[in-house]
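Here is how the chains run, residue by residue.
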Amino acid sequence: MRKLTLLLVLVLLAALALSPAAAQDDAFVIGLLMVGPYNDNGWSQAHYDAAVYVTENLENTELVYLDRVNPADRPGTTPDQLAEELLDQGADVIIFNSDDMKDGATAFATNYPEVPVIHASGDQHWEEGENFVDLPNLGNIFPGMWATKLLAGCAAAMTTETGKIGYLGPLINDETRRLTAAAFLGAEYCWTEKRGMDAAELEFRVDWIGFWFNIPGVTADPTQVSDNFYNNGYDVVISGIDTTEGLVQAKAASEAGTTAFNVAYDYDLACEIAPDVCLGAAVFNWRPTYLAEITEMQAGTWTPKFLWPMPDYANYDDVTMNSTYFIPGTALSEEAAAAVEELKGELAGGLDLWAGPINLQDGTPYIAEGETATPQQLWYLPQLLEGMSGQSVPE
Amino acid sequence: MLKDARVGGWGARLIGIGLALGFVALILLATGAPPFQAISLLITGAFGSTRKIVDVIATSVPLLLATSGLLITFAAGLWNIGIEGQITLGAIFTVGALRLFVDSGAPPGVAILVGMIAGMIGGGLWAALAGLLKIYGGVNEIFSGLGLNFVATSATIWLIFGPWRRPGVGSMSGTEPLPPEFALPQLPDMRISAWAVLLSLLGIALVYILLRGTYIGLKLKATGRNARASFVLGIPTSRYTLVAFVLCGLLAGLAGAVQVTAVYNRLIPSISSGYGFLGLLVAMLINYQVIWAIPVALFYAALIVGSIQLPIQLRLDSSLAGVLQGALVLFVLIIDGVRQRLRERG
């Protein structure tokens, strides 16, 4: 027994001696926790690329990260515990990249008041919001994707031949209702205004899988949900999940002779998987905000903010400036692309599709004639909108 | 089914451990990763700081509780594969009980106590179901266990997406969190509850006493060794089978209760975190000798905690720890088997 103990101590000492030294003290270390794989061609990769971009454009910065931070992939762990692992690696800021880590981000920020924390997608630092938590070190970033989703919806409406658009939804919450409704508003606008069709002939259906990505045996399978759309006359599916099943299945359906197109989500290079069926991508570009925030942190002047940068229409194609944009795909027809471009111009000129009258799915008036949605009405949309089918809240 | 719990095979055991490490090193070499660094990261990742050691101990709590329960069912000759479901039901019952106390004004201590007891009852009932199916339905516990695990997962998902969801939210992420005061109190500045650790030590101590020094333990073991002979000699083997299941279920349910009150504070889809299946590995690796349960459960917990360093520092998948955990059991059993054969031949 004593020998065994001695052996253990020796092994431990050897391991300590062999282990690589932690990051150098002088560099500013960005700690990034991602909910999915860093190379998912979607939500998490957009964050990963942005963090790498910061290290390439800001001197003396380094990146440590951990991906697949969710209870299915890392059983028994919590995000705040995993954030401490990054802290051990010398992280000077922790970025929690998912809505799913909201409680973990708040818990960590509470326990480590001296460490700057960014929760990407949350609203804890919004004083006028419903979830305000007064912490001196917790900020949020969430680009105004609802403006970009209008264009995604428009691309879908300009392309569909059947008049049936599917929306591959993740889980149901304020954020996903807001973005799905935005896609619908954009689709309805282009369907009626650009194509001159009757709004009643547009079918817009949402099917939710129950989480941000597929967890076998737990969520609905996004592959099956996509197939189900394509096989039932929904010739365009707009993706709202973190991963690319909607696009992959569009390619499969198209190769089998079914007309199928997809509007991709999250990531600027998402279309590259299947360009022939990709109408475009509604992109989060975290580069400008991450760079700005980390520059401030490095200088020691950072204060937490609630950032929701809207599309920068003046610098739309400049990834150093614009935080969210729509990239047309090669499968988008010239006519459809022109309509999308036209809508973009109108939005830049002040058009607000979130203008009344807008009713909720059950017919309740939400935004009155002559009014436009307040930030709170946008952010905390309680239901889908009238004219959309699919669940507003879980039943 | 169970071999003699004979001490003395430690040389062979070390060979088994060495082979498992070699096997993992080969996998690492094949993928172009540095094996020594990987293994040293596993160790420093688990013991490199006080916080990590605390994490290891906290992780070992549900694992040790599951292992304790399984040592009883193994003693009775039962393969309680349904342990995962029993942990899950424990968690469900705990959350269900705690929800009743929300806004009740009752002292949190009372709520937690009732929640823990409810969790044990939930696990016990689910295990009893497997026992009854075996005794009265002739269903092998391996098959009923698999089925009941599946049902438990489905029930969890239904509760998360249905009656216990966050208002307005439909997400597999988890149910509405319980009020923070319904969590077991943690030690200052540490993510560990002394109560949880105490419960797990109490659990393993009770199992040790039960199997070593009581009449019930003796009869359980007799049932496990040879059920037919025991029956002929007057032991009500059906009753003892059921007792083994229920005792294991109580401990598994407690593990589920700990997952709720000490870790997640809500119900999530994978609330059992695989500790039930890991407990099976631990029980097999220690050759069902209770005394070794604590160090080996700690070792397995260390692999879980330490393996987080692999993706952070070496960009390796942390499932490597799972490969090592499985390989250890496999090689130790192989060596045992080889020894047995050699002994028979000699």
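Residues numbered from 1 in each chain as written. Chains lettered and ligands numbered in written order. Predicted model: local features only at pLDDT ≥ 70, side-chain atom pairs only at ≥ 80, totals over all residues. Heavy atoms only, no water.

Caption draft 1: Structural view of the overall build of chain B. Tallying secondary structure elements over chain B gives 14 helices and zero strands in all. For chain B, the succession of helices and strands along the chain, N to C, is α-α-α-α-α-α-α-α-α-α-α-α-α-α. Principal-axis analysis of the C-alpha atoms gives chain B an extent of 70 × 60 × 35 Å. Out of the 346 residues belonging to chain B, those deemed buried represent 53%. Accessible area for chain B stands at about 14,800 Å²; split by element, carbon and sulfur atoms hold 70% of it. (Helix = DSSP H or I, 4+ residues; strand = E, 2+ residues; numbered from the N terminus. Buried < 20%, exposed > 50% of the residue type's maximum accessible area, 1.4 Å probe, protein only. Areas by Shrake-Rupley, 256 points an atom, 1.4 Å probe, with all protein chains shown as cover.)

Caption draft 2: The arrangement of the interface of chain A and chain B in detail. Contacts between chain A and chain B engage 41 residues on the former and 39 residues on the latter. Counting the surface lost from both chain A and chain B, the interface buries some 3,400 Å², and carbon and sulfur atoms represent 57% of this. In this assembly, chain A and chain B are joined by nine salt bridges. Note that Arg166(B) and Asp103(A) form a salt bridge whose closest N and O atoms lie 2.7 Å from each other. Linking chain A with chain B are 19 residue pairs in polar contact (both at pLDDT 80 or more), by the criterion used here. Those elements that provide at least two residues to the side of chain A that touches chain B are α1 (2–18), β2 (61–66) and α3 (79–88) of chain A. (Contact = heavy atoms within 4.5 Å. Buried area = accessible area lost by both parts, 1.4 Å probe. Salt bridge = Lys/Arg side-chain N within 4 Å of Asp/Glu carboxyl O. Polar contact = N/O pair within 3.5 Å; in protein donor to acceptor, adjacent residues only side chain to side chain.)

Caption draft 3: Seen up close, the domain arrangement of chain A. Residue and element names in this part refer to chain A. By domain assignment, chain A separates into domain 1 (24–141 + 286–322) and domain 2 (145–283 + 329–389). The gap between the C-alpha centroids of domain 1 and domain 2 is 27 Å. Of the roughly 2,300 Å² buried where domain 1 meets domain 2, counting both sides, 63% is carbon and sulfur surface. For the domain 1 face of the interface with domain 2, the top three residues by lost area are Asn41, Trp308 and Tyr313, together amounting to 25%. With a shortest N-O distance of 3.3 Å, Arg287 and Asp268 are connected by a salt bridge. On inspection of domain 1 and its partner domain 2, the count reaches ten residue pairs in polar contact (both at pLDDT 80 or more). In terms of residue count, the dominant contributor to the side of domain 1 that touches domain 2 is helix α2 (residues 43–57) (four residues). (Domains from an automatic or database assignment.)

Caption draft 4: Summary view of the sheet that holds strand β11 (residues 306–307) of chain A. Residue and element names in this part refer to chain A. Ordered in space as β2-β1-β3-β4-β5-β11, the six strands form an open sheet in which the pairing is parallel. Because the sheet does not close on itself, it has two edges, and the strands there are β2 and β11. Contacts from helix α4 (residues 102–111) reach β3 (93–96), β4 (117–120) and β5 (138–141), with the element oriented near 170° to β4. (Pairing = 2+ DSSP bridges. Axes fitted to C-alpha atoms, helices over the stretch in contact; angles between N-to-C directions.)

Caption draft 5: Main features of the nonpolar core. Counting residues in hydrophobic clusters, the biggest one holds 138 residues, and the most contacted among them are Leu33(A), Phe204(A), Trp286(A) and Trp354(A). Residues lining this core come from more than one domain, with at least three contributed by each of domain 1 (24–141 + 286–322) and domain 2 (145–283 + 329–389) of chain A. Beyond its immediate sequence surroundings of up to four residues, Phe204(A) is in contact with Ile165(A), Tyr167(A), Thr180(A), Ala183(A), Phe184(A), Ala187(A), Ile238(A), Gly387(A), Met388(A) and Ser389(A). Core analysis: the second largest hydrophobic core is formed by 92 residues, Ile81(B), Ala91(B), Ile286(B) and Tyr300(B) among them. (Core = buried A, V, L, I, M, F, W, Y, C linked by side-chain atoms within 4.5 Å.)

Caption draft 6: Quick look at the pairing of strand β8 (residues 236–239) of chain A. Residue and element names in this part refer to chain A. Where burial is concerned, the two faces of β8 agree: the one with Val236 and Ile238 and the one with Val237 and Ser239 are both buried. Pairing analysis gives four bridges linking strand β6 (residues 164–169) to β8, with the strands arranged parallel. If you follow Ile165 over to β8, its bridge partner there is Val236. Where β8 lies against strand β9 (residues 261–266), three bridges are found, and the strand directions are parallel. By the bridge assignment, Val237 is partnered in β9 with Asn262. In this region the chain leaves β8, passes through helix α8 (residues 245–255) and returns to the parallel neighbour β9; the handedness of that crossover is right-handed. (Right-handed = clockwise from strand over helix to strand, strands pointing away.)

Caption draft 7: Representation of the packing of helix α7 (residues 194–213) of chain B against helix α8 (residues 215–225) of chain B within the structure. All names here are of chain B. Two elements in contact, α7 and α8, have axes whose closest approach is 5 Å; the angle formed by their N-to-C orientations is 75°. For the element pair α7 / α8, the angle class is roughly perpendicular. In this structure, α7 contributes Leu210, Leu211 and Gly213 to the contact, and α8 contributes Tyr215, Ile216, Gly217, Leu220 and Lys221. Counted by class, the contact of α7 with α8 contains five nonpolar, two polar and one charged residues. (Parallel < 35°, antiparallel > 145°, perpendicular 65-115°, else oblique. Nonpolar A, V, L, I, M, F, W, Y, C, P; charged D, E, K, R; others polar.)

Caption draft 8: Spotlight on the pattern of salt bridges. For the coordinates displayed, the defined rule picks out 26 salt bridges over all chains. With a closest N to O distance of 3.9 Å, Arg74(A) and Asp67(A) form a salt bridge. Of the two residues, Arg74(A) and Asp67(A), neither departs from the other in class, the shared state being buried. Overlapping salt bridges, with partners in common, bring together Glu84(A), Glu85(A), Asp88(A), Arg51(B), Lys52(B), Asp55(B) and Arg191(B) in one network.

Caption draft 9: View of the packing of aromatic side chains. What the rule picks out here adds up to 32 aromatic pairs over all chains. Plain terms: the ring middles of Phe108(A) and Tyr112(A) are 4.7 Å apart, the flat faces sit at 25° to each other, and that makes the pair stacked. Centroid distance Tyr167(A) to Phe204(A): 6.3 Å. Interplanar angle 35°. Geometry classified as tilted. Separated by 37 residues along the polypeptide, Tyr167(A) in strand β6 and Phe204(A) in strand β7 (residues 203–208) bring together distant segments of the chain. Like Tyr167(A), the residue Phe204(A) is buried in the burial classification. Each member of the aromatic cluster is reached from another via a ring pair, and the members are Trp43(A), Trp126(A), Phe142(A), Trp146(A), Tyr265(A), Phe284(A), Trp286(A), Tyr290(A), Phe306(A), Trp308(A), Trp379(A) and Tyr380(A). Sitting over the ring of Tyr53(A), Arg287(A) keeps its end group 5.9 Å from the ring centre. Here the guanidinium or amino end of Arg315(B) rests over the ring plane of Tyr65(A), the centre of that ring lying 3.8 Å away. (Phe/Tyr/Trp six-rings, centres within 6.5 Å; stacked < 30°, edge-to-face > 60°. Lys NZ or Arg CZ within 6 Å of the ring centre and 35° of its normal.)

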